[in-house]
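Structural characterization, general
So the chains spell out like this:
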Amino acid sequence: MAKKSKNTGLQEAIELKLLHNFSVQPESATDENYYNALVLVLRDRMREMRVKYISQAKRQQSKQVYYLCMEFLMGRSLKNTLFNLNITEEAAEALAAHGVKLDNLFELEPDAGLGNGGLGRLAACFLDGLATQSMPAIGYSLLYEYGIFRQKLVDGYQTEMPDFWLPGGEVWLNPRPELTKEIKFGGNVREWWGENGLHHVEHENATVVLAQAYDMMVAGKDGRGISTLRLWRSTAPGMDMSLFNQGEYMRAMEQKAMAEVTTQVLYPADNHREGKSLRLSQQYFLVSASIQDIIQRHLDQYGTLENFPDMAAIHINDTHPTLAIPELMRIFLDECGYSWEKSWDLVCRTVGYTNHTVMAEALECWPEDLFRERLPRIYQIVLEINRRFSEEMMAATGGDHEKVGRMAIISYGVVKMANLCVAASHAINGVSALHSEIVKHSVFKDAHDVMPEKFTNVTNGIAHRRWLCQANPALSKFISDRIGDKYVLDGAELAKLRDYADDKASLEEFLAVKRHNKERFSDIIKAETGVSVDPDSLFDVQVKRLHEYKRQHLNALHILDTYLELKENPNADIAPRTYIFAAKAAPGYYLAKEIIRFICLLGKEIEKDPIIREKLKIVYLEDYRVSLAENLIPSADISEQISLAGTEASGTGNMKLMMNGAVTLGTLDGANVEICEAVGKENMFLFGMTTDEVNQLKARGYNPQALYTSNPRIHRAIDKMYTGFGGRQYGEVAGSLANADPYMVLADFEDYRRAQTASGKLFADRMAWAKMALLNTAGSGVFAADRSIWDYSDRIWHCRPVELENGTLLK
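The model shown is predicted, which means the values in this text are computed figures rather than measured ones.

1. Points about empty space enclosed by the protein
On inspection of all chains with the given rule, the structure shows four cavities of 30 Å³ or more. Space inside the largest cavity adds up to approximately 140 Å³. Lining of the largest cavity is provided by 14 residues; of these, Met 74, Ser 77, Asn 80, Val 218 and Arg 466 occupy positions nearest its centre. Looking at the lining of the largest cavity, the elements that each hand over two or more residues are helix H3 (78-84), helix H6 (118-132) and strand S8 (207-219). If one sorts the elements of the lining of the largest cavity by residue count, H6 sits on top with four residues. Contributing to the lining of the second largest cavity are Lys 544, Lys 550, Gln 641, Ile 642, Ser 643, Glu 648, Ser 650, Gly 651, Asn 654, Asp 669 and Asn 672. The residue inventory of the lining of the second largest cavity, partitioned by class, reads one nonpolar, six polar and four charged.

Given below as structure tokens:
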């Protein structure tokens, strides 16, 4: 017989779910049964809250935010939901009455495989921020069956495996069959003028794919709002029975399978035409379903589209959802009968665009013939947008053909998504102060010269309630004991920690918290890799996507140099350091995979030496994901943010790490610039060229071969890569550095080595280190996602919170 908890309401609700949904008595239920039952109870509560929230938003005629993104890297939801609804203890008690541990249920939940990296994690943080700020919002994305991929390292080489996240994850999804949309691909367009003088368009012979909606709800802290993440799953309208009855079984099944492949995998490889076609189809599928849904919601409430820009803010997060622009035009023109001029005005006053990259290859372009074939009506509309926009720009630039050519949406057989965003959006923002300047003066310089009023900045932010309060409860308690808990809702309150920067007792306790987190993560490392690490060593962490511009190979080159130095002088005075890497490489990115292998096998080579491994260790954690990051980040001493200046748009891992008391070792790139402003350069280890110095060196002509020849440390390390270790040579990585070095690893190497040495020396002074780390946490409040949401609201969306009775939806 189960004990009764003090809070019998939740316990009884769980018991009812076990009985009614799973036909199991509490005493016979498994942990998995309890996990599913608890999630269903939370879903019911959030659904009730959302109905109330939407009702109040409608009554107050609140402007709605619609956030379109190909990725939402949600991670696990159970801990976050319980925390935000203030029922973690109640849930633990209700489960304990049946002998079930809540922590065990947390571990049953898979990471929702809906994203790849920082872009998707940012979008997830924003849903939390929007809900907590009581701003009504719907995020739109795709329900990927397999997500990105599960990384498996085999002798250091990355292999990709399917990420089966839906079993265990699907329980969070609420099916919405009544919202199903039709999406049309291929075929041809027939146009004619009716007797009434109206232009008619019919999309004939198209392949129809259905978009089925599934909602995931995200609760704001203290029940201040509920954001919705609406995910679209592709399916066929039905099997072609005429083919099936003729014995064409495979063809009948093939049509169904081809429809469903649209949402199978995030970012299919696009180094062939089929992959490009599938990616383009994914993007149009997302925006067509979402835009149809947005317009239907608006018409249901207002009965007119005349006030559409006043009551709806559609945000395009990176270039993937760009086709929202011509899809809006298609509906306004073809289905609503608006003129071109009226349609364009509605679109331009509704749509905003966030640029996330300075990388030319990441500014998406599509072959014009593929675009025309796959999306014939959308192509016609984009062609006309391009014609009108080019005429407008010719007038604005005084007939500067070169400038207008660079700004064109279609040129030389290519359709340019970023240029379409710039043409149509009323606001365009970068994601850090430095990045936004690069956007204005480099990436979109021509457009900025003509229409500077469109451009602004909104620096990224993180969900500090997840990344500090939940991921690091020991540090959260340390903070609350000193400054109270107002920081949970207002990250700016963290600045009050500065008052304790010279308090020896506080610094000792701060170090004890870090030591506790390092011990805990050392156990995880041992369990996952078999490698034993010393929690008293300096934990030097670089965790992010594997890309040359992020320069994991600069870090690895320095480790190799240190290893070779220790081989020559084993007694060298070097602070023991554990280098922790975690990163996935894009499946088709060969050099990135070789860098991973180089790092992994270097770690194995170091581990063979019983003397050196006491001072130097590499841990490469496979399959980096949100739940792993939540355990890793609180343990970090150093945050490696070492991209070449002018290449990283912002970064958000740098914010999470500093908030958890890691000291940044990095360049003045992305949001590192604002981290420096927040904590002072004396509380970071800065190195490397500035963006201006990088550009000057490029203009003079950068010659990595000269550095390879003249610098004995670089020469020794690269030669070792060529000759090899661990049964392999690393010529591809060595050659990329010595011969091309597009991200100037060798140019920054000596200054990076200086910063590494300085960090090791300071780490030995425990009180000085603790003060520096504490001041990083104290300066991190400006990077809360709540602040980002208010910046977007003020500068781009122009929306305001829903006024809730007593400020909450909780009873």
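2. Description of the environment of Val 733
Its location among the elements puts Val 733 in helix H31 (residues 731-740). Spatially, the C-alpha atom of Val 733 lies 60 Å from that of Gly 303, the residues being 430 residues apart in sequence. Sequence-distant contacts of Val 733, that is, excluding residues within four places in its chain, are made with Leu 591, Glu 594, Ile 595 and Met 721.

3. Considering the packing of aromatic side chains
All told, the structure shown has 22 aromatic pairs when counted by the stated rule. With centroids separated by 6.5 Å and ring planes inclined at 55°, the aromatic side chains of Tyr 549 and Tyr 743 adopt a geometry described as tilted. Of this pair, Tyr 549 sits in the loop between strand S17 (538-543) and helix H23 (552-568) while Tyr 743 sits in the loop between H31 and helix H32 (745-763); the two residues are 194 residues apart in sequence, bridging distant segments of the chain. For Tyr 549, a relative accessible area of 6% corresponds to the buried category. Taking the relative accessible area as the measure of exposure, Tyr 743 reaches 15% and is therefore buried. Following the ring pairs from residue to residue traces out a cluster consisting of Tyr 67, Phe 72, Phe 126, Tyr 792 and Trp 797. For Arg 233, the ring lying beneath its charged end belongs to Tyr 214, and the centroid distance is 5.1 Å.

4. Thoughts on the sheet that holds strand S9 (residues 226-235)
The strand order S5-S8-S9-S2-S1-S10-S11-S15-S16 describes an open sheet built from nine strands, whose pairing is mixed. Of all strands in the sheet, those bounded by a partner on one side alone are strand S5 (174-185) and strand S16 (455-457). Neighbour-to-neighbour, the strand axes of this sheet turn through a mean angle of 25°, independent of strand direction. The sheet contact formed by strand S2 (residues 137-142) and S9 spans five bridges and is parallel. Looking across to S9, one finds that Ile 138 is bridged to Thr 228. Running over the sheet, helix H2 (residues 31-59) touches S5, S8 and S9 and is turned about 95° from S8. Running at roughly 145° to strand S10 (residues 312-317), helix H12 (residues 324-335) makes contact with strand S1 (64-68), S10 and strand S11 (351-354) of the sheet.

5. Topic: the sheet that holds strand S13 (residues 410-411)
With antiparallel pairing, the three strands of this open sheet are ordered in space as S12-S14-S13. Both outer strands of the open sheet, strand S12 (365-367) and S13, are each paired with one neighbouring strand and no more. Pairing of S13 with strand S14 (residues 414-416) involves two bridges; the strand directions are antiparallel. Considered in S14, the bridge of Ser 411 is made with Val 414.

6. Brief notes about the nonpolar core
Taken as a class, soluble globular proteins show a tendency for nonpolar side chains to be buried jointly. Ile 14, Met 74, Ile 325, Phe 371, Ile 718, Met 721 and Trp 797 are the most contacted members of the largest nonpolar core, which has 270 residues in total. Residues within four places of Phe 371 in sequence aside, it is in contact with Leu 280, Leu 323, Trp 366, Pro 376, Ile 378, Tyr 379, Val 382, Val 415 and Met 417.

7. As for the pattern of salt bridges
Applying the stated criterion across every chain, the model contains 62 salt bridges. One salt bridge connects Glu 384 with Arg 387, and the closest N-O pair in it is separated by 2.6 Å. Placement of the pair is Glu 384 and Arg 387 together in helix H15 (residues 376-396), with a separation of three residues, close to one helical turn. Residue Glu 565 is joined to Arg 713 by a salt bridge in which the shortest nitrogen-to-oxygen separation is 3.4 Å. On the criterion of sequence distance, the pair formed by Glu 565 in helix H23 and Arg 713 in helix H30 (residues 712-723) is long-range, its members being 148 residues apart. In this structure Glu 565 comes out as partly exposed when scored by relative accessible area, which is 25%. What emerges from the salt-bridge pattern is a single network uniting Arg 50, Arg 176, Glu 178, Lys 181, Asp 215, Arg 230 and Asp 293.

8. Brief notes about unusual backbone geometry
The backbone phi angle of Gln 61 is positive, close to 50°, even though this residue is not glycine. Note that Gln 61 resides in the loop between H2 and S1. The residue Ser 134 is not glycine, and still its phi comes out positive at about 60°.

9. Section: the environment of Asn 711
Tracing the backbone through its elements, the reader meets Asn 711 in the loop between helix H29 (704-710) and H30. When the C-alpha positions of Asn 711 and Phe 749 are compared, they lie 10.0 Å apart, and in sequence the two are 38 residues distant.

10. Describing the layout of surface pockets
Roughly 1,000 Å³ of volume is contained in the second largest pocket. Counting residues per element, the lining of the second largest pocket draws most heavily on helix H22 (residues 504-529), at five residues. Its residues assigned to classes, the lining of the second largest pocket shows 13 nonpolar, eleven polar and 14 charged.

11. Examining helix H1 (residues 8-22)
Taking 1.5 Å of rise per residue, the 15 residues of H1 would be expected to cover 21 Å, and the 20 Å separating its terminal C-alpha atoms lies within 8% of that figure. If you check which residues of H1 are buried, you get Leu 10, Gln 11, Ile 14, Glu 15, Lys 17 and Leu 18. For H1, the arc enclosing every buried residue in end-on projection is 155°, short of the 170-degree limit, so these residues lie on one face.

12. Looking at the pairing of strand S21 (residues 663-666)
By the alternation rule, side chains of S21 split into Val 663 and Leu 665 and Thr 664 and Gly 666, which are all buried. Of the strand pairs in this sheet, strand S20 (residues 638-641) and S21 are connected by four bridges, and their pairing is parallel. Residue Ile 638 lies in a different strand from S21, and its bridge partner there is Val 663. On the question of chirality, the crossover connecting S20 to the parallel S21 by way of helix H26 (residues 653-659) is right-handed. Judged from the two bridges that link them, S21 and strand S22 (residues 685-686) form a sheet pairing that is parallel. Of the residues in S22, the one forming a bridge with Leu 665 is Phe 685. Between S21 and its parallel partner S22, the chain crosses via helix H27 (residues 672-679), and the hand of that crossover is right-handed.

Cut-offs applied
- Residues numbered from 1 in each chain as written.
- Predicted model: local features only at pLDDT ≥ 70, side-chain atom pairs only at ≥ 80, totals over all residues.
- Heavy atoms only, no water.
- 1 Å grid on protein atoms, 1.4 Å probe; cavity = no way out; pocket = protein on both sides within 12 Å on 5 of 7 lines; lining within 4 Å.
- Points joined across faces, edges and corners; volume = space filled by probe spheres on them.
- Helix = DSSP H or I, 4+ residues; strand = E, 2+ residues; numbered from the N terminus.
- Nonpolar A, V, L, I, M, F, W, Y, C, P; charged D, E, K, R; others polar.
- Contact = heavy atoms within 4.5 Å.
- Phe/Tyr/Trp six-rings, centres within 6.5 Å; stacked < 30°, edge-to-face > 60°.
- Buried < 20%, exposed > 50% of the residue type's maximum accessible area, 1.4 Å probe, protein only.
- Lys NZ or Arg CZ within 6 Å of the ring centre and 35° of its normal.
- Pairing = 2+ DSSP bridges.
- Axes fitted to C-alpha atoms, helices over the stretch in contact; angles between N-to-C directions.
- Core = buried A, V, L, I, M, F, W, Y, C linked by side-chain atoms within 4.5 Å.
- Salt bridge = Lys/Arg side-chain N within 4 Å of Asp/Glu carboxyl O.
- Expected span 1.5 Å × (residues − 1).
- Arc of directions from axis to C-beta.
- Right-handed = clockwise from strand over helix to strand, strands pointing away.

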